[in-house]
Amino acid sequence: MILEVEGLTKSFGGLMVTGHISFSIQEGERSAVIGPNGAGKTTLFNLVTGHLRPDEGKVYFQGEEITGLPPHRICRKGISRSFQRVNIFPMLSVFENVQVAVLVTQRKTRGIFFSAREMARKETQMILDSIGLGEQEKVISGTLSHGDQKRLDLGIALAGNPRLLLLDEPTSGMSPEESTQAMALIDRVTRERGITLLFIEHDIGAVFALAERIRVLHMGCIIAEGKPEEIRENDEVQRIYLGERK
Amino acid sequence: MIVLLFLPLAIGESWVSLMVEMMALAILATSLNILIGYGGMVNFGHAAYYGIGAYTCALLLKKAGAPFLLAMAAAPIFSAAGALVVGWFCVRLSHIYFAMLTLAFGQIVFTVTLQWYSFTGGDNGITEIPLPTFLQSTLRYYYFALAVLMLCLWGMKRIVDSPFGKALQALRDNPLRTASIGINVRLYSWMAFMIAGAFAGIGGALFAAFNHNVFPTFMHWTKSTEALVVTLLGGMFHFYGPAVGSVILIFLDKLVTNYLRYWSFVLGLLLALMVLFFRGGFTGFLAERLEIYRASKDGDHDP
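Residues numbered from 1 in each chain as written. Chains lettered and ligands numbered in written order. Predicted model: local features only at pLDDT ≥ 70, side-chain atom pairs only at ≥ 80, totals over all residues.

Looking now at the overall build of chain A. In terms of helices and strands, chain A carries 9 helices and 10 strands. Its C-alpha atoms put chain A at 55 × 40 × 35 Å along the principal axes. Out of the 246 residues in chain A, the part that is buried amounts to 46%. Pairs at least 24 apart in sequence give 67% of the contacts found in chain A among residues at least 6 apart. (Helix = DSSP H or I, 4+ residues; strand = E, 2+ residues; numbered from the N terminus. Buried ≥ 20, exposed ≤ 12 C-beta atoms within 10 Å, placed from the backbone. Contact = placed C-beta atoms within 7 Å.)

Residues and elements named next belong to chain B. For helix α7 (residues 138-161), spanning 24 residues, the distance from its first C-alpha to its last is 34 Å, which sits close to the expected 34 Å at 1.5 Å a residue. Every buried residue belonging to α7 is among Y142, A145, L149, C152, M156, I159 and V160, and all of these are buried. Considering only its buried residues, α7 is in contact with α1 (2-10), α2 (13-38), α8 (163-173) and α10 (185-211). (Expected span 1.5 Å × (residues − 1).)

A separate point is the sheet that holds strand β1 (residues 3-12) of chain A. All names here are of chain A. Across the sheet, 4 strands lie side by side as β2-β1-β4-β5; this open sheet has antiparallel pairing. If you trace the sheet from one side to the other, it starts and ends with β2 (15-25) and β5 (64-65), each paired once. With 2 bridges joining them, strand β4 (residues 56-61) and β5 adopt antiparallel strand pairing. Among the inter-strand pairings, Y60 is bridged to a residue of β5, identified as E65. (Pairing = 2+ DSSP bridges.)

Glancing now at the pairing of β4(A). Residues and elements named next belong to chain A. Across 5 bridges, the pairing between β1 and β4 is antiparallel. When the bridges of β4 are listed, V5 appears paired with V59. Hairpin connection between β4 and β5: a loop of 2 residues separates the two successive antiparallel strands, and Q62 in this loop has a positive phi of roughly 50°.

This next bit is on the interface of chain A and chain B. Residue-level contacts link 32 residues of chain A with 21 residues of chain B. Take the side of chain A that touches chain B: its biggest share by element is 7 residues, from helix α3 (residues 94-105) of chain A. Residue classes in the side of chain A that touches chain B are distributed as 17 nonpolar, 9 polar and 6 charged. (Nonpolar A, V, L, I, M, F, W, Y, C, P; charged D, E, K, R; others polar.)

A separate point is the domain arrangement of chain A. Residue and element names in this part refer to chain A. Taken as a whole, chain A is organised into domain 1 (1-78 + 162-246) and domain 2 (89-161). Contacts between the two partners involve 11 residues from domain 1 and, on the opposite side, 11 residues from domain 2. Per-class residue counts for the side of domain 1 that touches domain 2 are 9 nonpolar, 1 polar and 1 charged. (Domains from an automatic or database assignment.)

Considering soluble globular proteins, one finds that nonpolar side chains tend to be buried as a cluster. Residues and elements named next belong to chain B. Of all hydrophobic cores here, the largest spans 162 residues; its most connected members are I27, A54, C57, A58, A196 and A205. At 18 residues, α10 tops the list of elements feeding residues into this core. Each residue touching I27, except ones within four places of it in the same chain, is listed here: L149, C152, F199, I202, G203 and L206. (Core = buried A, V, L, I, M, F, W, Y, C linked by C-beta atoms within 7 Å.)

This paragraph deals with the sheet that holds strand β9 (residues 213-218) of chain A. Residues and elements named next belong to chain A. Here we have 6 strands laid out as an open sheet, ordered β6-β7-β8-β3-β9-β10, and mixed in their pairing. Taken across any chain shown, the strands that pair with only one partner, and hence form the sheet edges, are β6 (79-81) and β10 (221-226). Averaged over neighbouring strand pairs, the angle between their axes works out to 20° when direction is ignored. The pairing of strand β3 (residues 30-34) with β9 spans 4 bridges and is classified as parallel. In the strand pairing of β9, S31 is matched with R213. Helix α1 (residues 41-49) rests against β3, β6, β7 (164-168), β8 (196-200) and β9 of the sheet, and its axis sits at about 145° to β7. (Axes fitted to C-alpha atoms, helices over the stretch in contact; angles between N-to-C directions.)

The subject of this paragraph is the environment of L164(A). In this fold, L164(A) is placed in strand β7. Sequence-distant contacts of L164(A), defined by excluding residues within four places in its chain, comprise I2(A), L3(A), G78(A), I79(A), T196(A) and L198(A).

Below, the discussion takes up the packing of α7(B) against α10(B). Residues and elements named next belong to chain B. Between α7 and α10, whose axes approach to 11 Å, the crossing angle comes to 175°. With respect to α10, the element α7 is oriented roughly antiparallel. In contact with Y141, A145, V148, C152, M156 and I159 of α7, α10 contributes I195, F199, I202, L206 and F210. (Parallel < 35°, antiparallel > 145°, perpendicular 65-115°, else oblique.)

This is how it looks when you write it as structure tokens:
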């Protein structure tokens, strides 16, 4: 088990956003979390990555407890994430965006007396090429198109050399074609690097295309978990979530 | 650079002193810009570390009779120590709360200096600071100051171009994401705060020795805003922006006050225009022109 979550609970001012969530993820698995808005999906991510501290419950990563550690320490253990909104370094160039994350992974950001300009060029270049932004390395990232910013966002997450990748709505704000491309890209890079993937997604087509396992979250609880075909046939899921969309 | 070497031989002594003043301000403002332009942290109490540097140098020379270079070297160490203590509290907050806390601590340092008569001389300051004979002429001090300025700018440039500097810029752009790529945001902000404080201390010591006197006003918040104004004038998104801003401010001050009594009015107007129309300050404006010029030149070559 690469990730184990036991009874995670978080309330905001009396409103229980996640209630005793427990599940575990196997190494190499590619799974999705789906559920209506407000189901607690992003909160769940934030609890795992240390952006929020759970009221109760525990999180184990590769057998080691990581509950309540600050985000930067959890990241260094091998969990990278992306955010629902594009979350890049808008004033830095495309190259620098990925480079800085590579430098952190290589533990080199404490160096203060030598130039960073050409450092980690090979690793950075490799990531940029694999996300298809190699040609645009000098562009200031804030001026990229939304789709390219999302790809860069993924590149920054990959630079952490993660064992587990959490993506929060990787196709949000994309056209159907862009969305298909993005999922293909995620499919390829996670396969190439043997990364375990957990993603939140509203685009059901994208979910069924990639996820080997799906967990359905509703009002802070997991109401169903299983293979895509099982989820598709689950009556409760149909009623609460999938049915809503028809 | 060469101009700076020969310029003092061509101009009057009062202008040379003005240039020394300008260089001290340039160090202070550039160090402040490590926090603002590179780290995204607006510090309203930065003069405190400039002042600590100035008083460290003054006290060591006047009361302890320490050698000059030792006094100069001790200044950044004490300033860094001060910044380390204050920074520890400040980096726990962000945005306006960070700014207000730096202001509050800055004023605490100012008030302590103002009231502690037996040690700092209170509002009388410390006067008649002795200088070694080899630096007693204005011209010689000018060259000393120039060397210190160059050394500081070189050091700070290395720092902002380093991997640490890159991490700092990432932090400015997006603290949330910076934490998520594995950077301890508080620790890095804290280190930046200390580094900026240390360099500010060198600026303070440089000016203190030249001025022969130090006063609590060196660490008043108005001194902090002076550095802030200079940074905005010159441009905070360019390494040399604050230094350029210092030149503009000091010379404009001198020129305008020669003819007009309303210097602050002119400065206010200039600042308002800068902020409204040229966010990048003077250097940003130049860089933009250069970009347009280059683009038009490239355009000629395109098929």
